[in-house]
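The chain contents come next:
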Amino acid sequence: MTPAGSARMTLSQARRIALAAQGLHRERPAGPATAGSVGRTFARLELLQIDAVNVLTRAHYLPLFSRLGPYDTALLDRLAEVAPRRMVEYWAHEASFVRPGHFADLRAWQRRRWMGEWAAEGPLQRALGDAILALLEASAPLTARQVAEHLGHAGPRDGSGWGWNWNHAKRALEILFAAGEVGSVGRTSQFERRYAPIGRVLPAGGDTLPDPDEAAERLVLAASAALGIASARCLADYFRLPVRAATAAADRLVSRGDLETATVEGWPGPRYLHPAAARPRRAAGRALLGPFDSMVFERRRLQDLFGFRYRLEIYVPAAQRVHGYYVLPFLLRDRMAARVDLRADRGAGRLEVRGAFAEPDAEPDTAVELAAELGLMAEWLGLDGVVVQPNGNLAAALAAAAATRSGTNAGHRS
């Protein structure tokens, strides 16, 4: 039964709304990305998930490439490292860069298990926390290892034969970070956080915790803007809120007219629609989407909207992987047309396609369009070209298209 006042739409319409909300429904701007376009794209997405895997490049850089094409990653770095910061690191959809305005709301819902363990361990752990806060107040930003080096021989001894060692310091810093008492001013080239008191990272500090229900409403509304149309589960997943709390928040927003409900043919269940969501009549975008891209956060939504089953196989034993280690979906217009297992072979200066797989409904131009996108990615990564291994039902066509683009026969490696 359709709820009173609920919008009705086809699955294709819902798909285009979802793409438009993520900035993936149209061709990229022709000109080079600017600081303004980088900032606006981040603001549109609300967050960027962080991950240490560096097979291509750091995960948080990929979503901006997907939407803007080749861009200077230093423009994104500045948003997190130059005050006043326009993005800060915190726990959201896992470790993420988020808009500063979300910090206090996320902090109100921070429920990481080891925070309770810390509280249960008593005065010794609190003493370590106080020592770390005092150190950071009196110093430049420090990594966890640097904190351990400063405090390692200053605290109580344990079975390791020295004081508060690296593991103790790292654990304490993680808990202080989750509690919002310290923050990160950026990452080192080895991808280590550089910790500082939260007041130096976020001048507003986020010291006052908001009402949790009001915080949930703001986070759900932001997630709805970024998703366009979504289930309660999807809204909860975006910032990793409890589903029950997100559903209650969404229903309150609907009752006030801040969200709408929708019924989508072929996508059963109640859906929430952002009132300002664009409703394009067609989609013309093309993008390789990183495994941690917000367009593919919620795998069930991806399958319901696009008929695309996607599993990250990084932690699957190599012999059991179906598509590969670091697989990126390829969006072509309004469908996920293919997937490719990619690796930046920096020693050889090549973007290596270790597997290329077309979906059953892929359009005839998929290989040509994918070859163009891979060429663009190689250029952005500072690599000289693309090499395709003979693995997958799209590999031969992709190798031929890549060779045509490069004007050589070097597109395929047997």
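For the structure, see preceding data.
No experiment lies behind these values; they were computed from the predicted model shown. (Residues numbered from 1 in each chain as written. Predicted model: local features only at pLDDT ≥ 70, side-chain atom pairs only at ≥ 80, totals over all residues. Heavy atoms only, no water.)

**Q** Help me understand the overall build of the protein in this model?
**A** Along the protein, the regular secondary structure elements total 16 helices and 14 strands. Within the protein, buried positions represent 55% of all 414 residues. (Helix = DSSP H or I, 4+ residues; strand = E, 2+ residues; numbered from the N terminus. Buried < 20%, exposed > 50% of the residue type's maximum accessible area, 1.4 Å probe, protein only.)

**Q** Honestly, the pairing of strand 5 (residues 182-187) in this entry has me stumped. Any pointers?
**A** Taken residue by residue, a regular strand's side chains alternate between the two faces of the sheet. Taken across its six residues, strand 5 has five buried, putting it largely inside the fold. In the sheet, strand 5 pairs with strand 6 (residues 193-197) via four bridges, with the strands oriented antiparallel. Pairing of arginine 187 across the sheet is with arginine 193, part of strand 6. Taken together, strand 5 and the strand that follows it, strand 6, pair antiparallel across an intervening segment of five residues, in which phenylalanine 191 is found at a positive phi of about 70°. (Pairing = 2+ DSSP bridges.)

**Q** Just checking my understanding: could you explain the sheet that holds strand 12 (residues 335-345) for this structure?
**A** Paired through backbone hydrogen bonds, the strands of a sheet run either parallel or antiparallel to each other. Read across the sheet, five strands follow the order 10-11-12-13-14 without closing on themselves; strand pairing throughout is mixed. The open sheet has two free edges, formed respectively by strand 10 (286-288) and strand 14 (385-388), since each of these has just one partner strand. Averaged over neighbouring strand pairs, the angle between their axes works out to 30° when direction is ignored. Relative to strand 11 (residues 327-332), strand 10 runs antiparallel, the two being bridged by three bridges. Looking across to strand 11, one finds that alanine 287 is bridged to leucine 331. Against the sheet, helix 15 (residues 366-380) touches strand 10, strand 11, strand 12, strand 13 (350-358) and strand 14, its axis set at about 60° to strand 10. (Axes fitted to C-alpha atoms, helices over the stretch in contact; angles between N-to-C directions. Contact = heavy atoms within 4.5 Å.)

**Q** Could you clarify how one ought to interpret helix 2 (residues 35-45) in this entry?
**A** The set of residues buried in helix 2 consists of Ser37, Val38, Gly39, Thr41, Phe42 and Leu45. Contact partners of the buried residues in helix 2: strand 2 (47-49), helix 3 (62-68), helix 4 (73-81), strand 4 (94-98), helix 11 (212-227) and helix 12 (232-239). Backbone geometry just downstream of helix 2 places glutamate 46 in the positive-phi region, at approximately 75°.

**Q** I tried to follow the side chain of serine 224 on my own but got confused; where do I start?
**A** Looking at the secondary structure, you find serine 224 in helix 11. Excluding residues that lie within four positions of it along the chain, serine 224 makes contacts with Leu235, Leu259, Leu273 and His274.

**Q** I tried to follow the environment of aspartate 341 on my own but got confused; where do I start?
**A** Here aspartate 341 is to be found in strand 12. When near neighbours in sequence (up to four residues on either side) are disregarded, aspartate 341 contacts His323, Gly324, Tyr325, Tyr326, Val327, Glu352, Val353, Arg354 and Gly355. There is a polar contact of 2.9 Å between the side chain of aspartate 341 and the backbone nitrogen of tyrosine 326. (Polar contact = N/O pair within 3.5 Å; in protein donor to acceptor, adjacent residues only side chain to side chain.)

**Q** What is the right way to read the environment of serine 139 from this model?
**A** With respect to the helices and strands, serine 139 occurs in the loop between helix 7 (123-137) and helix 8 (144-151). Separated by 57 residues in sequence, serine 139 and alanine 196 have C-alpha atoms that sit 8.5 Å apart.

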